[in-house]
Amino acid sequence: MQRPLQEKIATRSLRVAVIGLGYVGLPLAATFAEVGFHVTGIDIDQQKVDLANRGESYIPDISSSTLQKLLETKRIYFTTDFAILNDIDAVSICVPTPLRKTRDPDISYIISATQQVKEHLHPGQLVILESTTYPSTTDEVLLPELEATGLKVGVDFFLAFSPERIDPGNPDFATHNTPKIVGGITPACTELAQAFYGAAIEKVVPVSSARVAEMVKLLENTFRAVNIGLVNEIAIICEKLSIDVWEVIDAAATKPFGFMRFLPGPGLGGHCIPVDPHYLSWKLKTLDYTARFIELAAEINYYFAVASSQSASPLQRRVCTIPGTTQ
Ligand SMILES: NC(=O)c1ccc[n+]([C@@H]2O[C@H](COP(=O)([O-])OP(=O)(O)OC[C@H]3O[C@@H](n4cnc5c(N)ncnc54)[C@H](O)[C@@H]3O)[C@@H](O)[C@H]2O)c1
């Protein structure tokens, strides 16, 4: 089953589907269509599907003219009908992973998309989860569901995790030139996922398992959340000591090694940074471990956001007026 897929990737005859056409899925679908694949974008939102089919982009990273050009090639098409998965060789799942009110992970969108894939799973299919989630989701949630069809992973079908790193609005890095991590359930799964993304993305970095790939994404976003928490606390400390935190950061940033500039502010950078680390801390709680850095950073960032919105302190004025202070 592996070789035919590899040949289809090499000849661009592989039929690709992307499930979830948001900030991640729509650019990903366009990236594959741009390099010559036939791509079907699937979403449960009829309005998005209609807009996309008319070439009207609702995602800033994809212009309507780009979408229209791709539609003219007939290499891209959008639908709400999951039956198309019967004809698809490689499917990428890009659905939301929010938090519940209790701040526990809500993987209901992943489960629902997995059910749709399961219904149409067939020999020779490559399935990739891209949604950010806690380590073990691919092998403990997707794998048992898909193998319940009687098909065997690594033999009949292939399953991998590949985190999305898109940075909406970044003029320098888009899907095609942001290195992509891939980790499969078996070595054959990793190899296929690597070949698949390698056809459209400049650099693909394979890792030893889906769990490692899931953890890579959470390290990246936890790193940011914790460092923003640290610099927010430094801002509070500086205010108490009557020191200008901005002068301190600017001076520290002249060190050419061993320091990375993070800026204090009430915003944490889109909706991912405040959410994703909780996926990791939730998973650790199920293993009787408290992820203290994550919890502390969340607490400080929350405190900072509330304090800077309520107080009329010099800190708040600086945070609000200096450009680039929301990260
Ligand atoms: N936005 C970012 O900057 C970013 C960056 C990296 C990773 N991520 C991660 O990527 C994933 C997707 O994020 P996003 O920002 O693209 O979300 P989004 O909300 O912009 O888009 C998700 C899309 O999935 C659709 N959807 C929901 N359930 C579905 C289902 N069962 N079948 C088909 N479509 C379904 C929704 O209608 C929506 O259009 C999340 O896990 C997110 O954490 C996002």
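Criteria and cut-off values
- Residues numbered from 1 in each chain as written.
- Predicted model: local features only at pLDDT ≥ 70, side-chain atom pairs only at ≥ 80, totals over all residues.
- Heavy atoms only, no water.
- Pairing = 2+ DSSP bridges.
- Helix = DSSP H or I, 4+ residues; strand = E, 2+ residues; numbered from the N terminus.
- Axes fitted to C-alpha atoms, helices over the stretch in contact; angles between N-to-C directions.
- Patch = residues over 30% accessible without salt bridge, like charges linked within 9 Å, V, L, I, M, F, W, Y side chains within 5 Å.
- Areas by Shrake-Rupley, 256 points an atom, 1.4 Å probe, with all protein chains shown as cover.
- Salt bridge = Lys/Arg side-chain N within 4 Å of Asp/Glu carboxyl O.
- Near = heavy atom within 4 Å.
- Polar contact = N/O pair within 3.5 Å; in protein donor to acceptor, adjacent residues only side chain to side chain.
- Nonpolar A, V, L, I, M, F, W, Y, C, P; charged D, E, K, R; others polar.
- pLDDT = per-residue confidence, 0-100.
- Contact = heavy atoms within 4.5 Å.

Moving on: the sheet that holds strand E2 (residues 38-42). With mixed pairing, the 8 strands of this open sheet are ordered in space as E3-E2-E1-E4-E5-E6-E7-E8. Looking at strand neighbours, the two that pair on one side only are strand E3 (76-79) and strand E8 (204-206), the edges of this open sheet. In this sheet, neighbouring strand axes are inclined to one another by 25 degrees on average, regardless of whether the strands run parallel or antiparallel. Across 5 bridges, strand E1 (residues 15-19) lies against E2 in parallel orientation. The residue of E2 that forms the bridge with Arg15 is His38.

A separate point is a nonpolar patch on the surface. A grouping of Leu230, Ile234, Ile237, Leu241, Ile243 and Val248 is seen on the molecular surface, where their side chains present a nonpolar patch of about 490 Å² in accessible area. Take the nonpolar patch: its biggest share by element is 3 residues, from helix H8 (residues 210-240). Relative to the helices and strands, Ile243 resides in the loop between H8 and helix H9 (245-252).

Around the ligand, 26 residues are found, and the nearest of them are Val24, Asp43, Lys48, Thr97 and Thr132. With respect to the ligand, the side chain of Thr97 contributes an N or O atom lying 2.6 Å from an oxygen atom. Between Ser112 and the ligand, the recorded distance is 3.1 Å, taken from a side-chain N or O atom to a nitrogen atom. The protein chains hide 90% of the 830 Å² of surface that the ligand would expose on its own. Per-element tally for the shell around the ligand: the top contributor is helix H5 (residues 108-120), with 3 residues. Of the residues contributing to the shell around the ligand, the split by class is 14 nonpolar, 7 polar and 5 charged.

Looking now at the confidence of the model for the protein. Averaged over the protein, the pLDDT score is 92; the fraction of residues at 70 or greater is 94%. Below a pLDDT of 50 lies the segment residues 317-327, which in the model reaches 26 contacts outside its immediate sequence neighbourhood of four places, other chains included.

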